[in-house]
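Chain by chain, the residues run as shown.
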Amino acid sequence: MTKKKDITNETYMQTVLRRFRAHRLAKISLVVFVVLCAAALLAPVIAPYDPDEIVGAFSAPPSREFLLGTDQIGRDVFSRLLYATRVSLLVGVLATLISTVIGVVLGLIAGYFGGVADMILMRFTDMVMSFPYILLVLVAAAIFRPGLWSIILILGFVDWPGVARLVRGNVLSLRETNFVKGNLVAGMPLRHILFSEILPNTVAPILVYATSVMALSMLDEAALSFLGMGVQPPTASLGNMLNGAQSITVLTKQPWLWLPPGILIVVLVISINFIGDALRDALDPSGGK
Amino acid sequence: MTKYILKRILIAIPVLIGITVIDYAIMCLAGSPLEMLQGPRISEAAVEAKAIALGLDQPFYVQYFVWLGQLLQGNLGYSIKNYQPVGEMIASHLGPTLLLMGVSLVVSILLAVPAGIYSAIHQYSKGDYTVVTLSFLGSSIPGFFLAMLLIYLFTVKLGWLPSGGMTTLGTNGGFLDVAVHMVMPVIVLAVSMAGTNIRYIRSAVLEILQQDYLRTARAKGIGRFLVINKHALRNALIPIVTVIGMEIPVLFGGSIIVEEVFSWPGLGLMTMTAITNRDYPVIMGVCLLSAVVVLVGNLITDILYAVADPTIQLQ
């Protein structure tokens, strides 16, 4: 038995922190995620070689000189991996940011004003959601020139319907609460009611949802780059490093070329998912404990 | 009941019209079909004549209605690459995809439903933690990476399974041959779907287990088996129906990548080829088809809700 702490007077943040710590896998995930992020940010310092430069023999196996070997044209896999993590995290964060902002704005409008605006926006959301997500992304990637920034924009502009629905639902119920009605009676400006009263009260579910959007965007970036429609070489991304493994020699004889980026994607995505799961429990106001 | 279904269908109609508008708009954005005509050998006048013949001189909305009229007659246009009608191309590739999707759906439900219910009933046990962790792993592993791992293990190392295709080359492929080719694609699709669904079903069942009617059922002393199998499962049908509804778009998307990796000769592989060739009539035909299927799937889900939960009709 751990010693009991007095939790009657703790603040909301303390409660959240305590609940988050209770989720053992999330604690480990957070450490792993922070370490990987730091490694990605410090890539120019850590990386032993220039990621785009040919520094050794073709497809050399891992050695002391090249920790994870070299790729088909003699670039250092470890250095490329660091830079690829950077690119993949960048895509995940920015795409999530764009789609969350779009979703929040549309959801606020639909939920608060209701009526015709709500109906049009929600039917539009239904339409976008009807197209299979990855198909829409692939079509957009086919129309626009593939590249890092177009991938970020495409993922950001396709991924908002879920957030919009979530925010709309929360706004609908918040609109009926007494503190919002009180603001209305007091004649507060609309901007204040929407952004200072309603939005802060729906931040927790948005944050939780955003973690899953980020995990999905990183998976989609990997899939797109794997298919050759995402981040273009020579820029390394975790997906396009796997692209080479479609050749049978790489798959059978050179596992150092495709196992590390694949495992890294899984580790990154699963740690984001665990962190999101712990946040869901920790931020839930009705969670008890 | 009839009123509820009619209402659902009426809501779906504007969405369907919107889907065709988006589809058509993307196709226009992608470029004019005249582009493939242009070349040094073709005069300006000939291109213009072709534009008039194709109706491209008409305003946008007129063109849309002409296209919609063709669509209603089942004409989806012609492939830019091989000049085949898109409708026929889709029809000839649909079979293998439906087979793959159907089997994957069944397998994923057979995995997710028992695992989710087990996990909820034994909440916070070792088994529950294992199931939840595995389900996170399932939804975090990219399909193509899992596919590569499976090919490496079962084809390269063990030599048990073929790495791609639907039948062995040179044979007509009996039932067993197709089944062997299907094992890996089905695993990849089913694992990614089951990963998300296990947690969904688990939390839905957890919520049901806390309901008052279950406490009553327990208090009656009818025993754990009857409480769970008679009272809880009947109510767990709704989340299960939701899960099946949610899986339809995932299946369509997932099958593109899985078919590409395993060269499964279905709609996904055809779409991927069309995408690399920028064959827009084919791409948009597939988009339209899948959007309509998803819409109809949602409609059926809504109707099944009403069957599973009679109180929904009143709302």
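Criteria and thresholds
- Residues numbered from 1 in each chain as written.
- Chains lettered and ligands numbered in written order.
- Predicted model: local features only at pLDDT ≥ 70, side-chain atom pairs only at ≥ 80, totals over all residues.
- Helix = DSSP H or I, 4+ residues; strand = E, 2+ residues; numbered from the N terminus.
- Buried ≥ 20, exposed ≤ 12 C-beta atoms within 10 Å, placed from the backbone.
- Contact = placed C-beta atoms within 7 Å.
- Axes fitted to C-alpha atoms, helices over the stretch in contact; angles between N-to-C directions.
- Parallel < 35°, antiparallel > 145°, perpendicular 65-115°, else oblique.
- Left-handed = near helix turned anticlockwise from the far one by under 90°.
- Nonpolar A, V, L, I, M, F, W, Y, C, P; charged D, E, K, R; others polar.
- Expected span 1.5 Å × (residues − 1).
- Domains from an automatic or database assignment.
- Core = buried A, V, L, I, M, F, W, Y, C linked by C-beta atoms within 7 Å.
- Bend = angle between axes of the 7 residues up to and from the residue.
- pLDDT = per-residue confidence, 0-100.

## Regarding the overall build of chain B
Helix and strand content of chain B: eleven helices and zero strands. Reading chain B from its N end, one meets helices and strands in the order α-α-α-α-α-α-α-α-α-α-α. Overall size of chain B, expressed as C-alpha extent along the three principal axes, is 85 × 55 × 30 Å. The burial tally for chain B puts 35% of its 315 residues in the buried class. By sequence separation, contacts in chain B at least 24 residues apart represent 70% of the contacts at least 6 residues apart.

## Quick look at the overall build of chain A
The helix and strand tally for chain A stands at 14 helices and zero strands. Listing each helix as α and each strand as β along chain A from the N terminus yields α-α-α-α-α-α-α-α-α-α-α-α-α-α. Seen along its three principal axes, the alpha-carbon backbone of chain A occupies a region of about 75 × 60 × 30 Å. Counting over 289 residues, chain A shows a buried share of 43%. In chain A, of all internal contacts separated by at least 6 residues, the share reaching a separation of at least 24 is 68%.

## Side note on the packing of helix α6 (residues 133-143) of chain A against helix α11 (residues 280-308) of chain B
Two elements in contact, α6 of chain A and α11 of chain B, have axes whose closest approach is 11 Å; the angle formed by their N-to-C orientations is 160 degrees. Between α6 of chain A and α11 of chain B, the angle is such that the two are roughly antiparallel. For the element pair α6 of chain A and α11 of chain B, the recorded crossing hand is left-handed. For the pair α6 of chain A and α11 of chain B, the contacting residues are Leu135, Val139 and Ala142 of chain A in the first and Ile283, Cys287 and Ser290 of chain B in the second. Classifying every residue of the contact of α6 of chain A with α11 of chain B gives five nonpolar, one polar and no charged.

## Side note on helix α4 (residues 77-113) of chain A
All names here are of chain A. Taking 1.5 Å as the rise per residue, α4 with 37 residues should run 54 Å; its terminal C-alpha atoms sit 53 Å apart, in good agreement. In terms of residue burial, α4 counts as a mostly covered element, since 27 of its 37 residues are buried. Positive phi appears at Gly114, one or two residues downstream of α4, with a value of about 60 degrees.

## Concerning unusual backbone geometry
All names here are of chain B. For Tyr124, which is not glycine, the phi dihedral falls at a positive 65 degrees. Within the secondary structure, Tyr124 sits in the loop between α4 (86-121) and α5 (126-140). On the basis of neighbour counts, which here come to 8 C-beta atoms within 10 Å, the residue Tyr124 falls in the exposed class. The phi torsion at Ser263 lies on the positive side, around 40 degrees, for a residue other than glycine.

## Examining the domain arrangement of chain B
All names here are of chain B. Each domain of chain B was delimited in the assignment, giving domain 1 (2-72) and domain 2 (94-308). Here the C-alpha centroids of domain 1 and domain 2 sit 34 Å apart. Facing the 13 residues of domain 1 at the interface are eleven residues of domain 2. In terms of residue class, the side of domain 1 that touches domain 2 is made up of ten nonpolar, one polar and two charged.

## Looking at the environment of Thr11 of chain A
Residues and elements named next belong to chain A. Looking at the secondary structure, you find Thr11 in the segment before α1 (12-22). Its 8 C-beta neighbours within 10 Å are what place Thr11 among the exposed residues. When the C-alpha positions of Thr11 and Gly244 are compared, they lie 52 Å apart, and in sequence the two are 233 residues distant.

## What about the nonpolar core?
Residues Val137 of chain A together with Ala147 of chain B are the most contacted members of the largest nonpolar core, which totals 144 residues. At 15 residues, α4 of chain A tops the list of elements feeding residues into this core. Taken together, domain 1 (2-72) and domain 2 (94-308) of chain B each give at least three residues to this core, which thus spans both.

## As for the interface of chain B and chain A
Across the boundary between the two partners, chain B contributes 35 residues, which contact 33 residues of chain A. Contributions of two or more residues to the side of chain B that touches chain A are made by α1 (2-30), α5, α6 (143-157), α9 (224-261) and α11 of chain B. The biggest single contributor to the side of chain B that touches chain A is α1 of chain B, with eight residues. Among the residues forming the side of chain B that touches chain A, the class breakdown is 27 nonpolar, six polar and two charged.

## Structural notes on the environment of Asn298 of chain B
When you line up the elements, Asn298 of chain B lands in helix α11. Residues Asn298 of chain B and Ile117 of chain B, spaced 181 residues apart in sequence, show a C-alpha to C-alpha distance of 24 Å.

## Observations concerning the packing of α4 of chain A against helix α5 (residues 115-130) of chain A
Residue and element names in this part refer to chain A. For the pair α4 and α5, interaxial distance at closest approach is 7 Å and the crossing angle is 140 degrees. Accordingly, the angle class assigned to the pair α4 and α5 is oblique. By crossing handedness, the relation of α4 to α5 is classed as left-handed. Here α4 contributes Leu106, Ile109, Ala110 and Phe113 to the contact with α5, which in turn contributes Gly115, Ala117, Asp118, Leu121 and Met122.

## Here's the deal with helix α7 (residues 175-209) of chain B
With 35 residues, α7 of chain B extends only 43 Å from end C-alpha to end C-alpha; this falls clearly short of the ideal 51 Å at 1.5 Å per step. Along α7 of chain B, the helix axis deviates most sharply at Met182 of chain B, where the bend reaches about 40 degrees; the proline Pro185 of chain B sits within four residues downstream.

## Let's talk about the confidence of the model for chain A
When the pLDDT values of chain A are averaged, the result is 84; 95% of them are 70 or greater. The lowest-confidence element of chain A is helix α13 (residues 248-253) of chain A, averaging 76 in pLDDT; the highest-confidence one is α4 of chain A, averaging 91.

## Describing the environment of Lys7 of chain B
Secondary-structure assignment places Lys7 of chain B in helix α1. Sequence spacing of Lys7 of chain B and Tyr129 of chain B is 122 residues, and the spatial spacing of their C-alpha atoms is 42 Å.

## Notes on the confidence of the model for chain B
Do not read the fine detail of predicted coordinates wherever pLDDT is low. Averaged over every residue, the pLDDT of chain B is 82; the share at 70 or more is 92%. Overall fold confidence for the complex sits at a pTM of 0.85, while the interface term, ipTM, reaches 0.84.

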